[in-house]
Amino acid sequence: VYVNLFVASDAAIGINETRVDFRQKTDYPRSGHIEIQLNPKRPVEFTLRVRIPGWTRNNPVPSDLYRYAENSQATASIQVNQDRVPFTLERGYAVITRSWKTGDTVVLDLPMPVRRVTCHEQVKSNLGKVALERGPIVYCAEGADNNGKVLDLVLPDAATLHARFRPDLLNGVVVIEAENTPRRFIAIPYHSWLNRGQNEMTVWFARQAKQQ
C-alpha cells in the first residue's frame, strides 16, 4: 500500500483477502504531522510505503534548477504505536513491512524549517536573490503586508526568519516574518496572494541592497 498524498481521508483496501480500513489525520501542509490509523479485519502482513518528500532530503526539486542555500540536518521520523522505527528508503518511499493489526497507528513527522532557496546560476534574473520555502510551500511577499511595496525588498543572509500562524489573515495562514532586515518583511504562502486587491508581489528577494 502506497501513501502518496497527505490529506485527511478514509479508505478501505483489500489485501490478501482481508479488508483493511485506513484513516489519515493531518493538517498538512500547515504542519508536517501525519497520523495513519490501520484497522484490518484480522491481522495481516503487508508492506506500507509512505512518501518522504524530496524537500525533507534537501532536494527542493528533482533537478539542479533550485537548491537550498544550506542543508538541513533535520530528518523525517516514523513511529509505529509510539515506538520510533527505522525504515528503508526506496525511490522516495519509506518501506515498513510487518503484520498489522487493528488499532496500529503510524505517525510521520516531517520537519518544516524555513528554507532559503537559490536558483541555477544560468537564470540571470535570479542571481543574488533567494526565495523562501517552508515544507512544500513556496512563499511570496505582497504589498498588502509590507507597506505597499515589495519589489525593492532586501532579505540579508543574516536575517532571522520565523514562521507564525495567523488565524486572522487570509482565512488562516502560516506567515514568515524576518528580523534584522532594512524594513518590515512578511511573506505569505504563494497560493494565497491577490486576495486583497491589486498590489505588488514578488517571490525572489535581493540578498543585498543595490549600491547607489
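Details of the structure are given in the entry above.
All values reported here derive from a predicted model rather than from experimental measurement.

Procedures and definitions
- Residues numbered from 1 in each chain as written.
- Predicted model: local features only at pLDDT ≥ 70, side-chain atom pairs only at ≥ 80, totals over all residues.
- Heavy atoms only, no water.
- Helix = DSSP H or I, 4+ residues; strand = E, 2+ residues; numbered from the N terminus.
- Contact = heavy atoms within 4.5 Å.
- Areas by Shrake-Rupley, 256 points an atom, 1.4 Å probe, with all protein chains shown as cover.
- Lys, Arg positive; Asp, Glu negative; His and termini not counted.
- Charge placed at Lys NZ, Arg CZ, Asp CG, Glu CD.
- Buried < 20%, exposed > 50% of the residue type's maximum accessible area, 1.4 Å probe, protein only.
- Pairing = 2+ DSSP bridges.
- Phe/Tyr/Trp six-rings, centres within 6.5 Å; stacked < 30°, edge-to-face > 60°.

(A) Structural view of the overall build of the chain. Regarding its fold elements, the chain presents zero helices and 19 strands. Across the chain, contacts joining residues at least 24 apart in sequence account for 63% of those joining residues at least 6 apart. Working note: accessible area of the chain is about 12,000 Å², and carbon and sulfur atoms make up 47% of it. Measuring between centres, the 27 positive side-chain charges of the chain sit 2 Å from its 22 negative side-chain charges.

(B) Local environment of the pairing of strand β11 (residues 104-109). Within β11, five of the six residues are buried, which leaves it mostly tucked inside the rest of the structure. Relative to β11, strand β4 (residues 33-40) runs antiparallel, the two sharing six bridges. Its bridge partner lying in β11, Ile-34 is registered against Leu-108. Here strand β7 (residues 77-80) runs beside β11; their pairing, made up of four bridges, is antiparallel. Across the sheet, residue Gln-79 finds its bridge partner in β11, namely Val-107.

(C) Main features of the sheet that holds strand β10 (residues 93-100). Across the sheet, which stays open at both edges, the four strands sit in the order β1-β5-β10-β9 with mixed pairing between neighbours. Of all the strands in the sheet, just β1 (2-3) and β9 (88-90) have a single pairing partner and so form its edges. Pairing of β9 with β10, which is carried by three bridges, proceeds in the antiparallel orientation. Bridge pairing links Glu-90 to Tyr-93 in β10.

(D) The packing of aromatic side chains, seen in detail. Applying the stated criterion to the full structure yields seven aromatic pairs. Relative to Trp-204, the ring of Tyr-66 has its centre 6.0 Å away and its plane inclined at 25°; by these criteria the two rings are stacked. Here Trp-204 lies in the loop between β18 (201-202) and β19 (205-206) and Tyr-66 lies in strand β6 (residues 66-68), a separation of 138 residues in the sequence. A relative accessible area of 19% places Trp-204 in the buried class. Arranged with centres 6.2 Å apart and planes meeting at 45°, the rings of Tyr-190 and Trp-193 form a pair that is tilted. Judged by its relative accessible area of 37%, Tyr-190 is partly exposed. Overall, Trp-193 belongs to the partly exposed group, its relative accessible area being 26%.

(E) Geometry of the pairing of strand β17 (residues 186-189). Bridge count between strand β14 (residues 137-142) and β17: two bridges; the pairing is antiparallel. Residue pairing for β17: Cys-140 is matched across the bridge by Ile-188. Pairing of strand β16 (residues 173-179) with β17 involves two bridges; the strand directions are antiparallel. Across the sheet, residue Glu-177 finds its bridge partner in β17, namely Ile-186. Between β16 and β17, which pair antiparallel in sequence order, lie six residues; one of them, Asn-180, sits at a positive phi of approximately 65°.

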